[in-house]
2 protein chains.
Amino acid sequence: MNQITNVQLKTPYLVFLGDVTEMLYAKTGAGIVQWCPEAVVGQIRLPGCSIDLGVPELSIQNAVLAGARSLIIGVAPMGGGIGANWSKVLNEAAAMGMDIVSGLHTDLAETPGLVETASASGAALINVRRAPPRLPIGTGEKRTGLRLLTVGTDCAVGKKYSALALVKAMREQGMQATFRATGQTGIMIAGSGIPVDSVVSDFICGAAEVISPANHKEHWDVIEGQGSLFNPSYAGVSLGLLHGSQPDALVVCHDATRTQISTCKQYELPSIRECIALNLQCARLTNPKVRCVGICVNTSGLAPHKRTAYLQALTQETGLLCVDPLTDGCASIVDEIQRVWHGQAELA
Amino acid sequence: MNQITNVQLKTPYLVFLGDVTEMLYAKTGAGIVQWCPEAVVGQIRLPGCSIDLGVPELSIQNAVLAGARSLIIGVAPMGGGIGANWSKVLNEAAAMGMDIVSGLHTDLAETPGLVETASASGAALINVRRAPPRLPIGTGEKRTGLRLLTVGTDCAVGKKYSALALVKAMREQGMQATFRATGQTGIMIAGSGIPVDSVVSDFICGAAEVISPANHKEHWDVIEGQGSLFNPSYAGVSLGLLHGSQPDALVVCHDATRTQISTCKQYELPSIRECIALNLQCARLTNPKVRCVGICVNTSGLAPHKRTAYLQALTQETGLLCVDPLTDGCASIVDEIQRVWHGQAELA
């Protein structure tokens, strides 16, 4: 058994869904199937589970025959713990040599028998919520390659989703692009990354530098943002990530119906213009050429007939491209990136 | 033996100086003697040590008779480790029931025999560089009492010294004031605190809230700042500390001869005006009434005849009180605080 913290997950995955009955609790599994279907051989569910990700239903044995190398816990039940009734499946998978991958608060080592089973088979128990040891202090040194960071007016406004949608659109336009994960679900999707909010605070910037190393000069790292400079609980994480990412481009994410900071209800959400201004001001410390290239808005809380008008008004106000990545995709923002950084002629 | 992380140090102290021969390496011990002489019963040195803190030379046995309850490692030798030749003294102190307090990178538990000795006597081995477990997430909720945070143009520009000098001046003027420590030497001086740069990044703001809890409405917490919003390596720590401290007053610290960021030499130091502006802008998130009340400058690198002119020019430029706390003390800044917050008539 290998307690790995500096993750490099082994694909393909078998996604475990426990016995959840609401999609809300299976968001991790659904995200993996949506964003890296090629890495998923199937799902495994306990009796009573009513969620179906639309991938093959496999036993542990059949998953191994199909090539599965990791069992990914794709659910986060109420309370965030590992279910007492999961033990049999987890042990069976570990016994067959599959790594067990969790992003939950509970330590996998607390599952009865699992440490011993994994030790015997050589399987790893991986918690993607744990930061790797021995990260470096940030240096602020310029790295080659291009970087985009998604930032936001608050937590949970679509920074991961937008980053993934941007990478998809970049690749569709033939660009070199890599999604760089900074949170547990992102790490499962990417197969690697660092959960920056779990990093000791001296090393936030250093972690961000490790996440997006020097690369080919036309290659884009699209880095999953965390928190917000305007969320008092988490702004330190956001600033360290901003400095360490040295973004050339920022995309601001926002939820159209959010009016208060999610973790501190007494705080009003900043305006999008304030959010852009402070992020640009702080980002200039490590990249004076940074610019904001677009706004991704989650408009799902608006009445359907109001969504287009909302995005148009925001474009009017900010002079920036505004899209809902879920319904519009990010091709228009990527067009703008092509124009600015890759000398593409502007479309009429 | 008790591995304590949430520190509340037992005074009085016996300060251990090892065998160092340069004051640079004994700064921790010197700071303790300077700022809390009432907590120090004496010093203990190994053969070859040429540093003298001017306090009684005591054996372990005599220190215990004098009431010493903790042996404080007051040196940080080259490399930051615990000397191989320290083992006898540390074990002797632990055997007599004294807690052993260290701020070094090396774990005290690595000292041969020390864990066993401390277990037997009930002494604690305390590393003040370790953050306590189970800190809360920051809430951003307003607390009663007044708060001052020292911020800076960079790391190591006198934020701890200035905070201590401010508390001294406040007390001399009959004000209620408490120094709140956020780094290892500060924690030894205060006897408690949290090393915020060792806190997991999700909890920086929460740690700052714990450090300066609600208090009497006229009481000042003077919080030791860390890092700088302009130091790319550590700005995340600084922002979380700024938000969690909810300062009413900021004092900006600066080294008169510093031109580049200490950990990132390719970065120019910000101007003091830029530093004030960004700190105020970010601090307003959790305390809209924040104001900057003065500037503390380390002028020791300037020729003596240039110091006054330098401080006067800075006052001219910023409209703020500028002092070197080492030579001038902080009484004039505290006068300004009295005027603004305690309705004292302005001195003519």
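The rules behind each value
Residues numbered from 1 in each chain as written. Chains lettered and ligands numbered in written order. Predicted model: local features only at pLDDT ≥ 70, side-chain atom pairs only at ≥ 80, totals over all residues. Heavy atoms only, no water. Pairing = 2+ DSSP bridges. Helix = DSSP H or I, 4+ residues; strand = E, 2+ residues; numbered from the N terminus. Contact = heavy atoms within 4.5 Å. Axes fitted to C-alpha atoms, helices over the stretch in contact; angles between N-to-C directions. Buried area = accessible area lost by both parts, 1.4 Å probe. Salt bridge = Lys/Arg side-chain N within 4 Å of Asp/Glu carboxyl O. Polar contact = N/O pair within 3.5 Å; in protein donor to acceptor, adjacent residues only side chain to side chain. Nonpolar A, V, L, I, M, F, W, Y, C, P; charged D, E, K, R; others polar. Phe/Tyr/Trp six-rings, centres within 6.5 Å; stacked < 30°, edge-to-face > 60°. Buried < 20%, exposed > 50% of the residue type's maximum accessible area, 1.4 Å probe, protein only. UniProt positions renumbered as here; feature names shortened; annotations may be inferred. Expected span 1.5 Å × (residues − 1). Arc of directions from axis to C-beta. Least-squares fit on C-alpha atoms with pLDDT ≥ 70 in both. Lys, Arg positive; Asp, Glu negative; His and termini not counted.

Identification of chain A as DUF1611 domain-containing protein from Bowmanella denitrificans is taken from an unreviewed UniProt entry.

## What about the sheet that holds strand S8 (residues 220–223) of chain B?
Residues and elements named next belong to chain B. Taking strand neighbours across the sheet as the criterion, the six strands line up as S7-S8-S6-S9-S12-S13 in an open arrangement whose pairing is parallel. Among the strands making up the open sheet, the edge pair consists of strand S7 (177–180) and strand S13 (322–323). Bridge count for strand S12 (residues 291–298) against S13 is two bridges, and the pairing is parallel. Bridge pairing links Cys296 to Val323 in S13. Against the sheet, helix H5 (residues 159–172) makes contact with strand S6 (146–152), S7, S8, strand S9 (249–255) and S12, and its axis sits at roughly 165 degrees relative to S7, the strand it touches most.

## Let's talk about the sheet that holds strand S1 (residues 13–16) of chain B
All names here are of chain B. Read across the open sheet, the five strands follow the order S2-S1-S3-S4-S5; overall the sheet is parallel. Edge strands, defined here as strands with exactly one partner in the open sheet, are strand S2 (40–44) and strand S5 (125–127). Direction aside, neighbouring strands of the sheet carry axes that sit 25 degrees apart on average. Two strands pair when backbone bridges link them, and strand S3 (residues 70–73) and strand S4 (residues 99–102) are joined in this way by three bridges, in the parallel orientation. Residue pairing across strands places Leu71 opposite Ile100, the latter belonging to S4.

## Here we look at the interface of chain A and chain B
Counting from both sides, the interface comprises 33 residues of chain A and, opposite them, 33 residues of chain B. At the boundary of chain A with chain B, total buried surface from both sides reaches about 2600 Å², with 55% on carbon and sulfur atoms. Run the count over chain A and chain B and you get zero salt bridges. Linking chain A with chain B are 15 residue pairs in polar contact (both at pLDDT 80 or more), by the criterion used here. Broken down by secondary-structure element, the contributors of at least two residues to the side of chain A that touches chain B are helix H7 (204–211), helix H8 (235–245), strand S11 (264–268) and helix H9 (272–283) of chain A. The element contributing the most residues to the side of chain A that touches chain B is H8(A), with six residues. Residues belonging to the side of chain A that touches chain B are distributed by class as follows: 18 nonpolar, 12 polar and three charged.

## Description of the packing of aromatic side chains
Scanning all chains against the criterion turns up six aromatic pairs over all chains. Aromatic side chains A:Phe16 and A:Trp86 sit 5.2 Å apart centroid to centroid with 75 degrees between the ring planes, which places their arrangement in the edge-to-face category. Of the two residues, A:Phe16 sits in strand S1 (residues 13–16) while A:Trp86 sits in the loop between strand S3 (70–73) and helix H3 (87–95), which places them 70 residues apart along the sequence. The residues A:Phe16 and A:Trp86 share a single accessibility class, namely buried. Note on B:Trp220 and B:Trp341: the rings are 5.2 Å apart at their centroids and 85 degrees apart in plane angle, and the pair reads as edge-to-face. Of this pair, B:Trp220 sits in strand S8 while B:Trp341 is found in helix H12 (residues 331–341), placing the two residues 121 residues apart along the sequence.

## Quick look at the UniProt feature "domain: D-glutamate N-acetyltransferase-like C-terminal" (unreviewed entry) in chain A
Taken from the UniProt record, the annotation "domain: D-glutamate N-acetyltransferase-like C-terminal" (unreviewed entry) applies to residues 137–334 of chain A. As a span, residues 137–334 of chain A carries 38% helix and 20% strand, and end to end its C-alpha atoms are 32 Å apart.

## Things to note about the environment of A:Gly31
Residue and element names in this part refer to chain A. Summarising the element assignment, Gly31 is placed in helix H1 (residues 27–35). Taking C-alpha positions, Gly31 is 7.6 Å from Thr185, a pair spaced 154 residues apart along the chain. Leave out the neighbours within four places in its chain, and Gly31 touches Cys36 and Ile189.

## Brief notes about unusual backbone geometry
Omega for the peptide link from A:Thr11 to A:Pro12 comes to 0 degrees, which places this bond in the cis form. Position of A:Pro12 among the secondary structure elements: in the segment before S1. The backbone of A:Ala156 sits at a positive phi, close to 50 degrees, despite the residue not being glycine. Along the polypeptide, A:Ala156 turns up in the loop between strand S6 (146–152) and helix H5 (159–172). The backbone of B:Arg134 sits at a positive phi, close to 55 degrees, despite the residue not being glycine. Along the chain, B:Arg134 turns up in the loop between S5 and S6.

## A short note on the pairing of S6(B)
Residue and element names in this part refer to chain B. For S6, the tally of buried residues reaches seven of seven residues, placing the bulk of the element in the interior. What you see with S6 is no split at all: Leu146, Leu148, Thr150 and Gly152 on one side and Arg147, Leu149 and Val151 on the other are buried throughout. Relative to S8, S6 runs parallel, the two sharing four bridges. Residue pairing for S8: Leu149 is matched across the bridge by Ile223. Pairing between S6 and S9: five bridges, direction parallel. Each bridged residue has a counterpart across the sheet, and for Leu149 the counterpart in S9 is Leu250.

## Comments concerning helix H10 (residues 304–318) of chain B
Residues and elements named next belong to chain B. Here H10 is 15 residues long and its end C-alpha atoms lie 22 Å apart, about the 21 Å a rise of 1.5 Å per residue gives. Leu311, Leu314 and Thr318 are the residues of H10 that are buried. Down the axis of H10, the buried set is contained in an arc of 65 degrees. They therefore lie on one face. Opposite the packed face of H10, turned more than 90 degrees from it, sit the exposed residues His305, Thr308, Gln312 and Gln316. On its buried face, H10 sits against helix H9 (272–283), S12, S13 and helix H11 (325–328).

## Topic: the pattern of salt bridges
When their charged atoms lie close together, side chains carrying opposite charge are able to pair. Residues and elements named next belong to chain B. Under the definition given, this model contains 16 salt bridges over all chains. For Asp154, the salt bridge identified is with Arg258, shortest N-O distance 2.7 Å. In this pair, Asp154 sits in the loop between S6 and H5 while Arg258 sits in the loop between S9 and strand S10 (260–261), placing the two residues 104 residues apart along the sequence. Of the residues examined, Asp154 reaches a relative accessible area of 0% and is grouped as buried. Two residues, Asp221 and Arg180, come together in a salt bridge whose shortest N-O distance is 2.7 Å. Linking Asp221 in strand S8 with Arg180 in strand S7, this pair joins segments that are 41 residues apart in sequence.

## With respect to the relation of the copies chain A and chain B
Note on the copies: chain A fits chain B at an RMSD of 0.0 Å, the axial shift is 0.0 Å, and the rotation between them is 180 degrees. Within this description, the copies of the chain are treated as partners about a two-fold rotation axis. A share of 100% of the interface residues of chain A reappears at the interface of chain B, consistent with the copies meeting face to face through the same patch.

## Some thoughts on the side chain of A:Asp202
As for its position among the elements, A:Asp202 is in the loop between helix H6 (184–190) and H7. B:Arg129 provides the closest opposite charge to the buried, salt-bridge-free A:Asp202, at an N-O distance of 6.4 Å. For A:Asp202, the residues in contact, after removing those within four places along its chain, are A:Ile137, B:Asp197, B:Ser233, B:Tyr234 and B:Val237.

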